[in-house]
Amino acid sequence: MITRPKDNKDLEKRAAIGVIRAARFVRRYAKSNKVIDVSTIRLVHKEIWRDVWPEIAGEYRIENLEISGSSLQLPHFKDVPKLMEKMDIEFAKKISKTGDECRGVIADFGEINDELINCIDKVVSLSTWVHHKITFIHPFREGNGRTARLIANLILERYGLVGISVKVERENKDAYIQALSQIDKMADYEPLKNLIYKGLAERYEGVAMKYYPFAKG
Ligand SMILES: Nc1ncnc2c1ncn2[C@@H]1O[C@H](COP(=O)(O)OP(=O)(O)O)[C@@H](O)[C@H]1O
Ligand SMILES: [Mg+2]
């Protein structure tokens, strides 16, 4: 039986466990052949919240919100379904363009060549785009950032890269928020792309260190 959170702190603690479950869902989904679209975004959101705040889990918001500390004007809640439909069409186009070309290329690469480097860049760009789009539309009552970061990882993992952490709660937080607002204001995707590349570099070094613990330095 699901019990209700006692207070906000309890709710956030439970949501943090929901994020672990959603991350597991993302890892499995990435390995499958299932289509990635707007309904996948709702499924990931649902995995975070379904036992914590079931009323909002996977559902679009029914109120207007502000992002605390940000001047970004979020869309009116009544516009969310329409904006998500529009996003779905754009998302499908981008996935078929990037995805079909690049899935096998990254997963099983041998030679480091231009095709590989281009594909990695296309996948990182797609991950950056979807990450920002979700936070910009802010379709859900709560957990938009967490869902956006998980979906961004789903893209990386589906096309043969690894999921990353942009470390939003620590020293990178300002850079992360600044990178998002750089896209809001001037469609400049570079700062967020760079944060994703940095996250990838850290993860891959971690992987290398696990298998070759004496290799560094
Ligand atoms: N200027 C901005 N432009 C776009 N997205 C932003 C901006 N500032 C913050 N965000 C996003 O909004 C999220 C906060 O929304 P919220 O629904 O509370 O998500 P969460 O609870 O998962 O942090 C941040 O984590 C970040 O991803
Ligand atoms: Mg929040």
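Quick note: structure is the one above.
First, a word on scope: everything that follows refers to the structure included in this document. (Residues numbered from 1 in each chain as written. Chains lettered and ligands numbered in written order. Predicted model: local features only at pLDDT ≥ 70, side-chain atom pairs only at ≥ 80, totals over all residues. Heavy atoms only, no water.)

**A short note on the site of ligand 1**
As a structural note, the neighbourhood of ligand 1 is formed by 16 residues, with E142, N144, R146, Y176 and D184 the closest of them. At a separation of 3.0 Å, a nitrogen atom of ligand 1 approaches a polar side-chain atom of T135. Within the side chain of R149, a nitrogen or oxygen atom sits 3.2 Å from an oxygen atom of ligand 1. Within the complex, the protein chains bury 85% of what would otherwise be the 560 Å² of accessible surface of ligand 1. When the residues that make up the shell around ligand 1 are grouped by side-chain class, the tally is five nonpolar, seven polar and four charged. (Near = heavy atom within 4 Å. Polar contact = N/O pair within 3.5 Å; in protein donor to acceptor, adjacent residues only side chain to side chain. Areas by Shrake-Rupley, 256 points an atom, 1.4 Å probe, with all protein chains shown as cover. Nonpolar A, V, L, I, M, F, W, Y, C, P; charged D, E, K, R; others polar.)

**Some points on the side chain of T128**
By the secondary structure assignment, T128 is in helix α4 (residues 114-137). With relative accessibility at 0%, the residue T128 sits in the buried group. (Helix = DSSP H or I, 4+ residues; strand = E, 2+ residues; numbered from the N terminus. Buried < 20%, exposed > 50% of the residue type's maximum accessible area, 1.4 Å probe, protein only.)

**Remarks on the state of the cysteines**
Considering all chains together, one arrives at one disulfide under this definition. What pairs with C102 in a disulfide is C119, and their sulfur atoms sit 2.3 Å apart. The sign of the -75° torsion about the S-S bond sets the C102-C119 disulfide as left-handed. Remark: C119 occurs in helix α4 and C102 occurs in helix α3 (residues 80-107); sequence separation between them is 17 residues. We classify C102 as buried; its relative accessible area is 0%. (Disulfide = S-S within 2.5 Å.)

**Some words on the nonpolar core**
One finds I41, M87, F91 and I155 to be the most contacted residues of the largest nonpolar core, which totals 54 residues. Mapped by element, the contributors of at least two residues to this core are α1 (8-31), α2 (38-49), α3, α4, α5 (144-158), α6 (173-186) and α7 (190-211). Among the elements that line this core, the one with the most residues is α4, at nine residues. When near neighbours in sequence (up to four residues on either side) are disregarded, I41 contacts M84, M87, F91, I134, F140, T147 and I151. (Core = buried A, V, L, I, M, F, W, Y, C linked by side-chain atoms within 4.5 Å. Contact = heavy atoms within 4.5 Å.)

**Description of the pattern of salt bridges**
Inspection of every chain in the model, using the stated rule, returns 15 salt bridges. Between R21 and D51 there is a salt bridge, with the nearest N and O atoms lying 2.9 Å from each other. Of this pair, R21 sits in helix α1 while D51 sits in the loop between α2 and α3; the two residues are 30 residues apart in sequence, bridging distant segments of the chain. For R21, a relative accessible area of 17% corresponds to the buried category. Using a relative accessible area of 26% as the deciding quantity, one classes D51 as partly exposed. (Salt bridge = Lys/Arg side-chain N within 4 Å of Asp/Glu carboxyl O.)

**Details of the side chain of S127**
Residue position: S127 is located in helix α4. Residues within four places of S127 in sequence aside, it is in contact with A152, I155, L156 and I196.

**Remarks on the packing of α1 against α2**
At a closest axis distance of 6 Å, the pairing of α1 and α2 adopts a crossing angle of 140°. As summarised for this structure, α1 and α2 are arranged oblique, according to the angle between their axes. α1 and α2 meet at a crossing whose hand is right-handed. Within the contact between the two elements, α1 uses L11, A15, G18, V19, R21, A22, F25, V26 and Y29 and α2 uses T40, L43, V44, E47, I48 and W49. Residues belonging to the contact of α1 with α2 are distributed by class as follows: eleven nonpolar, two polar and two charged. (Axes fitted to C-alpha atoms, helices over the stretch in contact; angles between N-to-C directions. Parallel < 35°, antiparallel > 145°, perpendicular 65-115°, else oblique. Left-handed = near helix turned anticlockwise from the far one by under 90°.)

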